[in-house]
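# Results of the structural survey
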Amino acid sequence: MTDVLTSRLEAILPNGRGVWVPMDHSASSFPEDGLLDSDKAVDAAIEGGADAIVMHKGPISHHFTRTSWGRFVCHASLSTIHGGNRSQDKVLVANPSEGLDRGAIAMSAQVNIGDPAEPEMIQRMARITTESHEKEIPVLGMFYPRGSNLSLDDSDSTSGVAHAARLAWELGCDVVKVPWTGCEESFGIVTSSVPIPVLVSGGPKGDDFGKVLGLVEKSINAGGSGVCMGRNVFSAVDPASRIRALRAIVHDGANAEEASRHLG
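Our subject in this report is the structure included herewith. (Residues numbered from 1 in each chain as written. Predicted model: local features only at pLDDT ≥ 70, side-chain atom pairs only at ≥ 80, totals over all residues. Heavy atoms only, no water.)

## Digging into the state of the cysteines
Counted under the stated rule, the structure contains zero disulfides. Of all cysteine sulfurs in the structure, the one in Cys173 sits closest to Cys228, which takes part in no disulfide; the separation is 12 Å. Owing to a relative accessible area of 0%, Cys228 belongs among the buried residues under this scheme. (Disulfide = S-S within 2.5 Å. Buried < 20%, exposed > 50% of the residue type's maximum accessible area, 1.4 Å probe, protein only.)

Given below as structure tokens:
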């Protein structure tokens, strides 16, 4: 690993841990609670101490110019809810060179394993990792086992999540985001399957953030490296306090009960 790549990874994953807030949702579906005022959402995430914010290229240009904050991750793949039977087919809309020019420090792309368009998404991810490698840019892979063609072995207690993480690493991703598997034991299989940081997603928006903190605590206990959590953060009344609670677990080793003291 080069010094430049190492430095960029350390900036967004200090000591190998990270609290990342993805805000790419409003490109796929809008209006989106919490993202109606993009400036307010980004300012709250920065205030709360997010290690990285994942956005599409247009908003990165706007917010980098506005804030000069240096830890934006450019999400390079996109589909919308209006795509019919191709609504989960993520196409490329950015490249690493453009991401850097717009103010990003890293790239991100998504693969939905089991989707009919999975082969094309794998090719697109490989293109991002190849071009990013040439420019010493870290890549986050968002990998979800969720498609209609998903073929799972009955013995796989991770329901395809370990394969998702492994595929991300095999394709050259430096960090991978995957869903929670349901328990520490199965998530431990996921994290032990790859030598790259594994960030757990936040799942659907819920009312009980205490349960979310419990999930995050378990993911860290199972070898996880942090979170890449969107709606459960930016849709809250006080997103900054939720980020501080997540940071307490991810960076400070607090348990969920201790972390909840950061909430309003």
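There is more to say, and it comes next.
## Points about the side chain of His25
As for its position among the elements, His25 is in helix 2 (residues 25–28). Dropping the residues within four chain positions of it, His25 is found in contact with Glu32, Leu35, Gly230, Arg231 and Phe234. (Helix = DSSP H or I, 4+ residues; strand = E, 2+ residues; numbered from the N terminus. Contact = heavy atoms within 4.5 Å.)

## Quick notes on the layout of surface pockets
Here the largest pocket is characterised by a volume of approximately 650 Å³. Forming the boundary of the largest pocket are 33 residues, of which His25, Gln110, Tyr144, Arg146 and Arg231 lie nearest the centre. Among the secondary structure elements, those contributing two or more residues to the lining of the largest pocket are helix 2, strand 4 (77–78) and strand 7 (139–145). In terms of residues, the lining of the largest pocket owes the most to one element, strand 7, which gives three residues. Here the lining of the largest pocket is composed, by residue class, of eleven nonpolar, 17 polar and five charged. (1 Å grid on protein atoms, 1.4 Å probe; cavity = no way out; pocket = protein on both sides within 12 Å on 5 of 7 lines; lining within 4 Å. Points joined across faces, edges and corners; volume = space filled by probe spheres on them. Nonpolar A, V, L, I, M, F, W, Y, C, P; charged D, E, K, R; others polar.)

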